[in-house]
Amino acid sequence: MEIVFSAINSTTSAGSSKTPWNRAAQASEQDIVSERAVSNERRQATDATTSEPASAEPSKDGPAILCALGPSSKWRCLEDEGLSEFLAALQVPEGPKKEAIMAVLAKPSYGFEVKDDTLTMMIIGQEDKSTQHFTIGKTAQLHDPQGNAQDVTLYVEGHDTIRDVKYRPRDLVVETAIRRLRPDGKLESILTSNQHKKSRRMVHQKYE
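Computed from a prediction, not measured in an experiment: that's the story for all the values here. (Residues numbered from 1 in each chain as written. Predicted model: local features only at pLDDT ≥ 70, side-chain atom pairs only at ≥ 80, totals over all residues. Heavy atoms only, no water.)

**Student:** Is there a simple way to think about the overall build of the protein chain in this case?
**Tutor:** Across its full length, the protein chain carries five helices and 10 strands. Evaluated residue by residue, the protein chain yields a buried proportion of 46% over its 208 residues. When the accessible surface of the protein chain is totalled, it reaches about 10,800 Å², and 49% of it is carbon and sulfur. (Helix = DSSP H or I, 4+ residues; strand = E, 2+ residues; numbered from the N terminus. Buried < 20%, exposed > 50% of the residue type's maximum accessible area, 1.4 Å probe, protein only. Areas by Shrake-Rupley, 256 points an atom, 1.4 Å probe, with all protein chains shown as cover.)

Below, the structure written as structure tokens:
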């Protein structure tokens with residue numbers, strides 16, 4: 001199942017104020033409006049929590065979402081909606097689809113690490129097959145669970161949102177994940193694809 005992962009190094013070259021998280025995303029405005037609409041419709045559904053929430057306020061150390069994810073953090077799954085429909089719309093084979101759904105039913109925790117301009121994401125307990133490394137603002141070549149090559153680019157948008165865009169050249173599939181640090185400290189993720197109108201929504205709570 002793909003998941004779509006130290007202190008933040010904000011040092012730049014002399015005379016330059018550019019940092020990886022200031023680079024604009026290349027996704028279309030229509031995609032942004034559509035995905036934000038899905039998120040807004042469900043934003044009221046929150047869970048009571050006894051752990052201290054992550055802060056969604058801007059920080060002098062960098063974007064709030066990177067400060068919350070790094071240098072190392074663990075997030076417990078509270079909600080996961082739409083996975084079965086999302087995978088079916090992508091025509092994922094029955095075997096891998098069933099495996100992914102069973103994994104979600106176990107409510108896995110996700111781990112994140114931030115070091116310099118690298119963001120690492122993983123499913124706790126499945127690090128060997130789920131760990132992915134992203135260079136903020138740059139494109140990396142990774143493989144999906146079926147072994148298909150894909151180009152993955154991750155951007156930071158504002159202070160509370162990261163977007164990773166996965167492009168699979170073999171069949172021109174584009175999958176987008178928008179992860180937003182909400183004011184209540186929870187991490188909300190919306191996954192979409194250019195192949196259909198289905199979406200998957202996840203909510204995580206930081207516990208370590």
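Let us keep going from here.
**Student:** Could you clarify how one ought to interpret the nonpolar core in this entry?
**Tutor:** One recurring pattern in soluble globular proteins: nonpolar side chains tend to sit buried together. Ranked by size, the top nonpolar core spans 26 residues in total, and within it Ile65, Leu66, Leu69, Trp75, Phe112, Leu119 and Ile162 carry the most contacts. At five residues, helix H2 (residues 64-69) tops the list of elements feeding residues into this core. Contact partners of Leu69, with chain neighbours within four places excluded, come to Trp75, Phe112, Glu113, Val114, Leu119, Ile162 and Leu187. (Core = buried A, V, L, I, M, F, W, Y, C linked by side-chain atoms within 4.5 Å. Contact = heavy atoms within 4.5 Å.)

**Student:** Looking at this model, I keep getting lost on the pattern of salt bridges. Mind explaining?
**Tutor:** Between side chains of opposite charge, pairing is possible as soon as their charged atoms come close. Under the definition given, this model contains 14 salt bridges. As a salt-bridge pair, Asp164 and Arg179 come within 3.5 Å of each other at their nearest N and O atoms. One end of the pair, Asp164, is in strand S7 (residues 161-168); the other, Arg179, is in strand S8 (residues 173-181), with 15 residues separating them in the sequence. Classification of Asp164 by relative accessible area gives buried; the value is 1%. Arg201 is the partner of Glu188 in a salt bridge, and the nearest nitrogen-oxygen pair spans 2.9 Å. Linking Glu188 in strand S9 (residues 187-193) with Arg201 in strand S10 (residues 199-206), this pair joins segments that are 13 residues apart in sequence. Assigned by exposure class, Glu188 and Arg201 land together as buried. The network of salt bridges with shared partners includes Glu79, Glu81, Arg180, Arg182, Asp184, Lys186, Glu188 and Arg201. (Salt bridge = Lys/Arg side-chain N within 4 Å of Asp/Glu carboxyl O.)

**Student:** Mind showing me how you'd approach unusual backbone geometry here?
**Tutor:** Note: most residues except glycine have negative phi, and most peptide bonds are trans. Note that the residue after Gly70, namely Pro71, is joined by a cis bond; omega there is -5°. By secondary structure assignment, the location of Pro71 is in the loop between H2 and strand S1 (72-81). One non-glycine residue, Asp116, lies in positive phi territory at about 55°. Mapped onto the elements of the fold, Asp116 is located in the loop between strand S2 (109-115) and strand S3 (118-123). Residue Asp116 is classed as partly exposed on the basis of its relative accessible area of 34%.

**Student:** Which parts of the structure should I look at to understand the packing of aromatic side chains?
**Tutor:** Two descriptors summarise a pair of aromatic rings, namely the distance from one centre to the other and the angle between the planes of the rings. Applying the stated rule across the entire model yields one aromatic pair. Pairing Trp75 with Phe112 gives two aromatic rings, centres 6.5 Å apart and planes at 80°, and the pair type is edge-to-face. Here Phe112 lies in strand S2 and Trp75 lies in strand S1, a separation of 37 residues in the sequence. Lying across the ring of Tyr207, Arg76 places its NZ or CZ 4.2 Å from the centre. (Phe/Tyr/Trp six-rings, centres within 6.5 Å; stacked < 30°, edge-to-face > 60°. Lys NZ or Arg CZ within 6 Å of the ring centre and 35° of its normal.)

These results come straight from atomic positions and should not be treated as a statement about function.
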